[in-house]
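So you can see what is in the structure, the chains are spelled out below.
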Amino acid sequence: MNKISVIDSHTGGEPTRVVVAGGPELGGGPVAGQLQRFRSQHDRFRSAVVNEPRGSDVLVGALLVEPEDKSCAAGVIFFNNVGCLAMCGHGTIGLIATLAHQGKILPGTHKIETPVGIVTATLQSNGLVSVANVPSYRTAKGVAVEVAGHGPISGDVAWGGNWFFLVGEHGCELSLGNVEALTDFTWRIRQAVNTQGFPEVDHVELFGPPQSGGDSRNFVLCPGKAYDRSPCGTGTSAKLACLAADGQLGEGETWVQESILGSTFTGQYHWVNRARGEILPVITGTAHVNAEATLWLDEADPFCWGIRS
């Protein structure tokens, strides 16, 4: 049997499982290249860590890898129940909390190498973590798609480290009691968006009135059909890019984004290239470590490598 050492945390209710030992050897080099090798050669490892019977659809994995840039505190590859993620905001906050829990970092600013570039995370003494994400931008505004069973829906396509379709006018109640209907609705939206011109979009984000003192509440459907319990770091980054492009939020002003649970991230941005609509979003939140565990991989176990649909 082989063993994998993991540390679990949650960021605003959304879990992150950091693999701290026992991961596959990916050969070093840029993290983007390590991601390609992980995706092509070690997909069953991904499934074993986050899928049932050890995990669940909502769990996001974070594999610690050696960064090519030695000024970085760590390199990381994020993954979920169906594949790898380009970037993960809540996962980066969870990673920072995990590294602090291990005593590997102290309060201060730390660089993390991800597949989409280097991000900077600042750990404060009170546990707050601010992530300066990758440059974010909107590529299309007011895109109308025909959603099966619902009719036309209009939204924006934006990049915040992952590709999002953001919808403000939808007529849905954003509450936990409505999660099943929201999941079905946003899954249909994603299928429509993918087939009607934007195959790269793998996240759908609905917005509505705040309920916990923020500026808005969201519901985010992730690629594996699980909803984000946190306000979604890359989704909030995409939202900030849209607000900036529309002149609805000024540079340096704060935006408090609520999740479907009522947990919050605080976002700000600075312009990277105003002419191209590119911003540098900074997302602030907290994560809490809640478990350390050893996962056993036993080849005699028929579900050793996870239950995959």
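Please refer to the structure higher up on the page.
Keep in mind the model is a prediction, meaning the values are calculated, not measured.

Draft legend 1. Region of interest: unusual backbone geometry. Put simply, Glu52 and Pro53 share a cis peptide bond, and its omega is 10 degrees. On the secondary structure map, Pro53 appears in the loop between helix H2 (43–50) and strand S3 (60–65). Positive phi values are uncommon outside glycine, yet Lys225 reaches one of about 75 degrees. One can find Lys225 in the loop between strand S13 (216–221) and helix H5 (233–245). The class for Lys225 is partly exposed, based on a relative accessible area of 42%. Of note, the phi angle at Cys232 is positive, near 75 degrees, even though the residue is not glycine. Position of Cys232 among the secondary structure elements: in the loop between S13 and H5. Take Cys232: its relative accessible area is 3%, and that puts it in the buried class.

Draft legend 2. Layout of the pattern of salt bridges. This structure, assessed with the given rule, holds eleven salt bridges. Residue Lys70 is joined to Glu66 by a salt bridge in which the shortest nitrogen-to-oxygen separation is 3.3 Å. The pair formed by Lys70 and Glu66 is uniform in burial state, with each residue classed as exposed. Shared partners join several salt bridges into a network, and the residues in it are Arg138, Lys141, Asp156 and Asp246.

Draft legend 3. Geometry of the layout of surface pockets. Its volume calculated, the largest pocket comes out at about 310 Å³. Every residue lining the largest pocket is counted, 15 residues in all, and those nearest its centre are Asp156, Leu166, Gly168, Lys239 and Asp246. Looking at the lining of the largest pocket, the elements that each hand over two or more residues are strand S9 (137–147), strand S10 (151–159), strand S11 (163–167) and H5. Here the second largest pocket is characterised by a volume of approximately 190 Å³. Considering the residues around the second largest pocket, the lining is formed by Arg46, Asn51, Glu52, Asp57, Asn81, Val82, Ile307, Arg308 and Ser309. Residues of the lining of the second largest pocket, tallied by class, amount to two nonpolar, three polar and four charged.

Rules used in this analysis
Residues numbered from 1 in each chain as written. Predicted model: local features only at pLDDT ≥ 70, side-chain atom pairs only at ≥ 80, totals over all residues. Heavy atoms only, no water. Helix = DSSP H or I, 4+ residues; strand = E, 2+ residues; numbered from the N terminus. Buried < 20%, exposed > 50% of the residue type's maximum accessible area, 1.4 Å probe, protein only. Salt bridge = Lys/Arg side-chain N within 4 Å of Asp/Glu carboxyl O. 1 Å grid on protein atoms, 1.4 Å probe; cavity = no way out; pocket = protein on both sides within 12 Å on 5 of 7 lines; lining within 4 Å. Points joined across faces, edges and corners; volume = space filled by probe spheres on them. Nonpolar A, V, L, I, M, F, W, Y, C, P; charged D, E, K, R; others polar.

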